[in-house]
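Here are the chains, one letter per residue:
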Amino acid sequence: MATAGGYETHEHDVIIIGAGGAGLRAAIEAAAQGVSVGLICKSLLGKAHTVMAEGGVAAALGNVYPEDNWQVHFRDTMRGGKMLNNWRMAQLHAQEAPDRVLELERWGALFDRTKDGRILQRDFGGHRYARLAHVGDRTGLEMIRTLQYHAIHQSIDVYMECKLERLLQDDNGRVVGAFGYWRNTGQFVVFKAKAVVLATGGIGKAWRITSNSWESTGDGHSLAAWAGADLIDMEFVQFHPTGMVWPPSVAGLLVTEGVRGDGGTLKNKAGERFMFNYIPEFFKSETADNIEEADRWYEDKSNRRTPDLLPRDEVARAINTEVKAGRGSPHGGVFLDIASRRPADYIRKRLPSMYHQFKELAGVDITKEPMEVGPTCHYMMGGVRVDADTTAATVPGLFAAGEVAGGMHGSNRLGGNSLSDLIVFGRRAGLHAGLYAKNFGGQLSVSAGRLEDLAREALEPLTRTGGENPYALQAELQDTMHTLVGIIRTESELKEAITRIAVFKDRARKVRVEGGRTYNPGWHTALDLSSLLTVAECVTRAALERTESRGGHTRDDHPYTDDQWGKVNVVVRLRDGGIRLSREPLPEMPAELRALVQERK
Amino acid sequence: MATVTMRVFRGDPKGGDFREYKVESGVGMVVLDLIHRIQATQAPDLACRWNCKAGKCGSCSAEIDGKPRLMCMTRMDIFKPGETITVAPMRTFPLIKDLVTDVSYNYEKARSIPPLRPKPPEPDGTYRMMQEDIDRIQEFHKCIECFLCQDVCHVIRDHEELKGSFAGPRFFIKVAGLDMHPLDTREDRPEFVRKQAGVGLCNITKCCTEVCPEHIHITDNGIIPMKERMVDEFDPVLWVVRKLRGAGKPSA
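The rules we used
Chains are numbered independently. Their residues run from 1 in the order of the written sequence. Labels follow written order: the first chain is A, the first ligand is 1, and so on. In view of the model being predicted, local features appear only for residues whose pLDDT reaches at least 70, and side-chain atom pairs are presented and counted only at 80 or more, with totals across whole chains, interfaces and linings using the full set of residues. DSSP bridges decide pairing: two strands pair if at least two such bridges lie between them. Here a helix means four or more residues in a row that DSSP labels H or I, a strand means two or more in a row labelled E, and each is numbered from the N terminus. In this analysis an axis means a line fitted to C-alpha atoms, helices contributing only their contacting stretch, and an angle means the value between N-to-C directions, from 0 to 180 degrees. For this analysis, nonpolar core means a set of buried Ala, Val, Leu, Ile, Met, Phe, Trp, Tyr and Cys residues linked through C-beta atoms within 7 Å. Exposed residues have 12 or fewer other C-beta atoms within 10 Å of their own C-beta, buried residues have 20 or more, and partly exposed residues fall in between, where C-beta atoms are placed from the backbone. Here, residue contact means that the backbone-derived C-beta atoms of the two residues sit within 7 Å. Between 65 and 115 degrees an angle is taken as roughly perpendicular, under 35 as roughly parallel, over 145 as roughly antiparallel, and anywhere else as oblique. In a left-handed crossing the near helix is turned counterclockwise from the far helix by less than a right angle, and in a right-handed crossing that turn is clockwise. Each residue is assigned to one class: nonpolar for Ala, Val, Leu, Ile, Met, Phe, Trp, Tyr, Cys and Pro, charged for Asp, Glu, Lys and Arg, and polar for all the others, Gly among them.

A. Representation of the sheet that holds strand S3 (residues 61–64) of chain B within the structure. Residues and elements named next belong to chain B. Strands sit in the order S2-S1-S5-S3-S4 across an open sheet of five strands; the sheet is mixed. The strands lining the two open edges of the sheet, one partner per strand, are strand S2 (15–25) and strand S4 (67–70). Strand after strand, the sheet turns through a mean of 35° between neighbouring axes, direction not considered. The sheet contact formed by S3 and strand S5 (residues 85–88) spans two bridges and is antiparallel.

B. Just the nonpolar core, in detail. All names here are of chain A. Counting 247 residues, the largest nonpolar core has Ile 16, Val 197, Leu 198 and Ala 400 as the members making the most contacts within it. With 13 residues, the top contributor of residues to this core is helix H15 (residues 521–545). Aside from chain neighbours lying at most four places away, what touches Val 197 is Val 14, Ile 16, Ile 17, Ala 26, Phe 399, Ala 401, Ala 429, Gly 430 and Ala 433.

C. Geometry of the pairing of strand S7 (residues 162–169) of chain A. Residues and elements named next belong to chain A. Of all eight residues that make up S7, eight are buried, and the element is covered over most of its length. In this sheet, strand S8 (residues 175–182) lies alongside S7 in antiparallel orientation, the contact comprising seven bridges. Following the sheet pairing, Leu 167 is matched in S8 by Ala 178. The hairpin turn running from S7 into S8, its antiparallel successor, is five residues long, and Gly 173 in that turn takes a positive phi close to 85°.

D. Representation of the packing of helix H1 (residues 21–32) of chain A against helix H4 (residues 139–151) of chain A in the model. Residues and elements named next belong to chain A. One can describe the packing of H1 onto H4 by two numbers: an axis separation of 10 Å at closest approach and a directional angle of 30°. By the angle between their directions, the pair H1 and H4 is classed as roughly parallel. Handedness of the H1/H4 crossing: left-handed. Packed against H1, whose contacting residues are Gly 21, Leu 24, Arg 25, Ala 27 and Ile 28, the element H4 presents Met 143, Ile 144, Leu 147, Gln 148, His 150 and Ala 151 at the interface. Here the contact of H1 with H4 is built from residues that sort into seven nonpolar, three polar and one charged.

E. Structural detail: the environment of Arg 79 of chain A. Residue and element names in this part refer to chain A. Relative to the helices and strands, Arg 79 is located in helix H2 (residues 70–80). Residue Arg 79 is classed as buried on the basis of its C-beta count, with 22 C-beta atoms lying within 10 Å. When the C-alpha positions of Arg 79 and Gly 410 are compared, they lie 9.2 Å apart, and in sequence the two are 331 residues distant.

F. Structural detail: the interface of chain B and chain A. Residue-level contacts link 47 residues of chain B with 49 residues of chain A. Elements supplying a minimum of two residues to the side of chain B that touches chain A: helix H1 (31–41), strand S6 (95–97), helix H2 (104–112) and helix H3 (131–141) of chain B. Ranked by residues supplied to the side of chain B that touches chain A, first place goes to H3 of chain B with five residues. Of the residues belonging to the side of chain B that touches chain A, the class tally is 26 nonpolar, 11 polar and 10 charged.

G. Quick peek at the packing of H1 of chain A against helix H11 (residues 417–438) of chain A. All names here are of chain A. At a minimum axis separation of 7 Å, H1 and H11 run at an interaxial angle of 35°. For the crossing formed where H1 meets H11, the hand is right-handed. The segment H1 lies against H11, with Gly 21, Ala 22, Gly 23, Arg 25, Ala 26, Ala 27, Ile 28, Glu 29 and Ala 30 engaging Leu 419, Leu 422, Ile 423, Phe 425, Gly 426, Arg 427, Ala 429, Gly 430, Leu 431, Ala 433 and Gly 434. Class assignment of the residues belonging to the contact of H1 with H11 gives a composition of 12 nonpolar, five polar and three charged.

H. The sheet that holds strand S4 (residues 121–122) of chain A, seen in detail. All names here are of chain A. The antiparallel open sheet is built from three strands, whose spatial order is S3-S5-S4. Two strands bound the open sheet, and with one partner strand each, they are strand S3 (57–58) and S4. Sheet analysis places S4 next to strand S5 (residues 132–133), joined by two bridges and oriented antiparallel. Paired with Gln 121 across the strands is Ala 133, a residue of S5.

I. Region of interest: the pairing of strand S11 (residues 237–244) of chain A. Residues and elements named next belong to chain A. Burial analysis of S11 places eight of its eight residues in the buried class, the great majority of the element. Bridging between S11 and strand S14 (residues 371–380) involves six bridges; their strand directions are antiparallel. In the strand pairing of S14, His 240 is matched with Thr 376.

That is the geometry; function is a separate question.
Take a look at the structure:
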C-alpha cells in the first residue's frame, strides 16, 4: 500500500460502530457471549449523541400509574407512529424496556425517585401515562455514563476517534469488517470481524436547523446502503417542535418536551394556547378540547391529555402554521411558557439544564419569562431494515440498532422511546451478532485491491488542485434540505432538491482541503460529504415516492393520510450506483395486538 | 456584527505558535462559533473537538485568555469590544494538534476505579432509594467529563511524576459518588482513594471547583468528605463519632 502509507489491522469476532447508548449496550451484551468485541467511536468515549438526550426513557414500569403496562405502551407507540411501525419491534420494545431500565439502575444509574423510593416517571407527548424514567432533564448523560463505566470493566476494546468509511465484504457478500481512518493521525485502519453492528445514530446534519451534532452525518445508513442492505421509511424525518430560535448561534438547540410534560404550554403572540385548534381526528378521543380539562389532566388521568402533548409531528406542524400565519414570536418561533404555570423552584429542580441553557446562551430566565421555540430537525425514523428479533440487516453479517435502524417508530417517534429503543435493541444486536459470530464458518477475507482503492479515494481531497470548499458545500446541502425537504414538502420542491443534490455530488468529487492528515477537520468534513449526500438523496426520493401525509412526512400536494399507503413501507436500495425504490407490505400484525391498538381511550 | 481578533494556537508536538485571525462575530455568539467560522473561511484544517455545542458533552474544552473553559459556553459579549481573545489547548495534556489534546490519561484513570458492586434487590427485583439519599451523588453525576478540573489541577498540571499515583478531581467525585451510592457494597473505597487515587496530594485550593462548568462542588462535597473518610478509616473513635452524627449535608 505505497500510496496510502499502509494501514494497521485489528481483528475481532464482533465490531460495533458507534458508542452511544445502542453501541455501548450492544458491546456489553456481545462481550457477555464470550466473543472478542471492538467498540469504535467517531468521538471520544462518552460524547456520543445520547449524552444530549434530555427528557427521559419510556418504560411501562407502572411506578406512578400502576395501570400502565406494556400493552398500553405498545398501543401508544403504534398510534404515535401512525401505524406504520414494525409491530414486532414495537412489541419487544414495550415488553423489554422496563427490564432494561432496571438493569441500568443495577449498574449504578440514579433516576429521580418517587416518594416511596422507586423510579419516578414523567409525562410526555403521546404517552397515556406518566412513563418516562428520568434524571431532571439530563437523562441521556446518566444513561451513557452508566453504560460507559459498565462497559470499560467488561472485555471490550474501545477505539476512539476512528471514522469508518466503508464496510468490507467477502466474495459471498458477507460483511466481514470495515475500513476507515484515525481522526488524530489520519492513518488508515482495517477492522476484520465476523459480525458488524451499526449503532451510528442519525442524519440530522443534513439540515441547517438541527438539534444534532457534527457527528450525525448518516454514516451507518450509508455504510449499509453501499453494502447493498435495504433501508426503509427514509421519508420520515422528525422535526422536534421545540428547538431554540434565538440567538442565531443556538438556533435548533433542543428544548426538552419535558417542559410541556411538566406543565409548560405553547402560546402564539396573542397569548392564545393555539394547540386546541390543531387536534387531528385520529387523536380526538384522547385529547382535551378545553383548557380546564387539559390542565386537570396533569394530576388526574381520567381527563383527556392536553393537546400541548400531542405527538411531535402534530405539534411541529401546528407551530409551523402559526408562524407562517404571522402569529409567531419576534424571532420566528412561538412561546413556550412554564414561568406563569409552575413555581420557580419546581422549574429549576425539574429542568435544570434548560434553565442553565437559556440563562447562559439566550439571557432568558425561564422561571420568569417564556421561551421562544420552533421546530428543529431532530430524529430519523427511517433506517436499516432489520429483523425485529435479531436486528439482522438484509445482508449477512450486518446488524443495526438504535436510530440507524428503521421500523421501530413507524412514521413518527414518541418522545422517550428513543432511549428505550437504544437499550432494548442494543442488547439484542449484541446478543445476536455474538451468536452469529460464534457460528461463522470460513475465513475472514478482504481484498487488498479494494483497500488500496478505498485509501486512494480517501486521500484525493488532500491532493487535488483547486476545487470546492467542503464546509461551503455542506452548508449549501443543509440549506437545500431545509428549504426543499423540510417539514412541509411538495413535488416540485422535492424534484428541485434531487436536481441540486446531483450537482452537489458532482461538486463533492472536486472538494479540496488544505493541510495534512493529522487531525484535519476540513478533510473529515470532505469525507463525510459522501454519506450526507447519500442519505439526503434517499430521503428526498422516498419523500417524492410517498404521495400522502403521515407522521414525519407532510406533503402539501397530498395533505391527507391514505389507507393504502398505510399498508406499505417505501424500501430504498442502492443498485448499480443508483437508488431503487419499491413499495413493500408491512408485516401482518396478529389479531390480539391489532385489538390493543384499535381500542379507544 | 463586529470584527474580532482571535489569537488561536496552531501547532503540533513538534512546535507551534499563536496565529491571529480577524473574524466577524454576531449576536449571541460563543467562542466556538468563531472557531467554526475560522475553519469554514480561513483555516479549514484548524483542529478542535466539539459535539453538542450546548454545554452537555464536554468536548470543546480549551484555555480562553488563560482560563479553562468550554468554548461553546463562552459568550463573546463577556469580552470588551476590541479585545483580542486568545484560545489555547488545555496545557496539562499532551498536544495532538492546534486545540486538540491527548486526554487518554483520564480514560486510564476511569478504568482503574473499581465499579459498583450492588447489594441484592428487594424481593420484587427492584431497589428502593430515597431522593434525599441520592441528591449529592446526582450532583456528581452531572459531570460532563470536560476534564477542565483535571486541566487546572496543579498536581496533574505541574507534576508529571505524580500522574501514575494521582487520579484527579474528576475521579475523586467519581469514587465519592460510588462510596456514597446507596446500593454499593464495597468497603475498600477509602483505601483506594488514599493508595491508588492519591487524594492526599490534593491541598484543597478549589481550582477544580472554580472551573467546573456544571458548578459541581467538587472540593466541598466530594474531595473533603473523601479525605474525612480516609481519616475515619484510621481512627475508630472519630469513625464512631461521625456515624452517630450522621453524614454531613451537601453544602448547596
